[in-house]
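Listed here are the chains, written in short residue letters.
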Amino acid sequence: MSAIHSFGLGIVTSNQKNEALDAFFPRPLSNLSGDLAAAVKGVSGEMDAATLKSLAADLERVGANKQAAVALQLADAEKPVVAVCKEADSAPESVADAYLKLHLLSHRLIKPHATNLEGLFALLPNVAWTDEGAVDLDELPGRQLDARLKGRVLEVSSVDKFPKMTNYVVPQGVRIAHTARVRLGAYLGEGTTVMHEGFINFNAGTEGPGMVEGRISAGVWVGSGSDLGGGCSTMGTLSGGGNIIISVGKECLIGANAGVGIPLGDRCTIEAGLFITAGTKVTMLDGARKPVETVSAKDLANRSDMLFRRNSTSGTVECLTNRSAIELNESLHANN
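These notes cover the structure that comes with them. If you're wondering where the values come from, they're calculated on a predicted model, not measured in any experiment.

Criteria and thresholds
- Residues numbered from 1 in each chain as written.
- Predicted model: local features only at pLDDT ≥ 70, side-chain atom pairs only at ≥ 80, totals over all residues.
- Heavy atoms only, no water.
- Buried < 20%, exposed > 50% of the residue type's maximum accessible area, 1.4 Å probe, protein only.
- Helix = DSSP H or I, 4+ residues; strand = E, 2+ residues; numbered from the N terminus.
- Pairing = 2+ DSSP bridges.
- Phe/Tyr/Trp six-rings, centres within 6.5 Å; stacked < 30°, edge-to-face > 60°.
- Expected span 1.5 Å × (residues − 1).
- Arc of directions from axis to C-beta.
- Axes fitted to C-alpha atoms, helices over the stretch in contact; angles between N-to-C directions.
- Salt bridge = Lys/Arg side-chain N within 4 Å of Asp/Glu carboxyl O.

**Side note on the pairing of strand β24 (residues 281-285)**
A large share of β24 lies buried, amounting to four of its five residues. The antiparallel pairing of β24 with strand β25 (residues 291-296) creates a hairpin that spans five residues between the two strands, and Arg289 there sits at a positive phi of about 65 degrees. Bridge analysis of β24 against strand β27 (residues 317-321) gives three bridges, and the strand direction is parallel. Each bridged residue has a counterpart across the sheet, and for Thr283 the counterpart in β27 is Glu318.

**Some remarks on the packing of aromatic side chains**
Applying the stated criterion across every chain, the model contains five aromatic pairs. Look at Tyr99 and Tyr168: their rings are 6.1 Å apart centre to centre, the planes differ by 40 degrees, and that puts the pair in the tilted class. With Tyr99 in helix α4 (residues 95-106) and Tyr168 in the loop between β8 (156-160) and β9 (175-176), this residue pair connects regions lying 69 residues apart in the sequence. Of the two residues examined, Tyr99 and Tyr168, each falls in the buried class. Grouped by ring-pair contacts, the aromatic residues Phe24, Tyr99 and Tyr168 constitute a single cluster.

**Section: helix α2 (residues 49-61)**
In this model α2 runs 19 Å from its N-terminal to its C-terminal C-alpha over 13 residues, within 8% of the 18 Å that 1.5 Å per residue would give. Those residues of α2 that sit buried are Leu52, Leu55, Ala56 and Leu59. For α2, the angular spread of buried residues about the axis comes to 105 degrees, placing them on one side. Opposite the buried face of α2, by more than 90 degrees, sit the exposed residues Ala50 and Arg61.

**Some details on the sheet that holds strand β6 (residues 127-130)**
Read from one edge to the other, the open sheet built from three strands follows the order β7-β6-β8, with strand pairing classed as antiparallel. With partners counted over all chains shown, the strands left at the sheet margins are β7 (133-135) and β8, one partner each. Strand-to-strand, the axes of this sheet are offset by a mean angle of 30 degrees, without reference to chain direction. Alignment of β6 against β7, held across three bridges, turns out to be antiparallel. Pairing of Thr130 across the sheet is with Gly133, part of β7.

**Re the pattern of salt bridges**
In this structure the tally under the stated criterion is nine salt bridges. In this structure, Arg183 engages Asp160 in a salt bridge whose closest nitrogen and oxygen atoms are separated by 2.8 Å. Of this pair, Arg183 sits in the loop between β9 and β10 (186-188) while Asp160 sits in strand β8, and the two are 23 residues apart along the sequence. Residues participating in the shared-partner salt-bridge network are Glu132, Arg143 and Arg152.

Structural data, given as structure tokens:
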């Protein structure tokens, strides 16, 4: 039986040198097997209208009617259409390949760290994201002039390797107050709310439900029922985390302007303004709140029911058992 890791038909935006800037995959697929996998096996590269119509017929024969409909729609596209078929979870080799993986994450077809993204960051071009889509930076001045000559302004929302997720994927059951702060490749579980100052990077995200008012860095996973307070930070693999995968367990609270650089278990709390890194010296308290021993925070990684605080008199970072799970405000976290 044939097996395919992922497949997608996408519309490609290119520069004047015919170099791909981005790709939009309206209905990507992952973990294909049986007749569907056989129908797309070997389908790869730029697709003309005739090839897309032939593929649509093959997809209809195996009952993949939604995918067949996409193929027929793309047959009329004015921009180039590309097929990406990955039989195994190999590293991305092209811009379109990279964008398919980012789409799979934001469509919730795969979770962060569940696919090979080696070399992705270096592969993506840095472009201007405008109200006319991706624009090559060398071509931007000419596009801006053309727009002015026609009496309008070409709006440049950002200059970055990654676009905002919502221009490509809008997952069901989420609220995003400021869409520019969620990158394509973020995974937002159902019930996730991202407030105005919240940020979620690629290959990172939330199991949902949860409230995000702080920053979820690349590679960080946040469990269900957790709340990231305003201005708080999570240390990702691109910001000094090394090979340690930082995660936040279920029903945790990271206070406003706090931060975490170790994996947290479930029902943990870090008080407002306190940043815990792997090397932070933490004094453990017993049931009577008396000091027992001092350890490095890395020794407490993945433990549940921890409450981290700073002693307001001595300045010592302390840890005691957190016996009260965080209960999110139901009205604030309602998404539908």
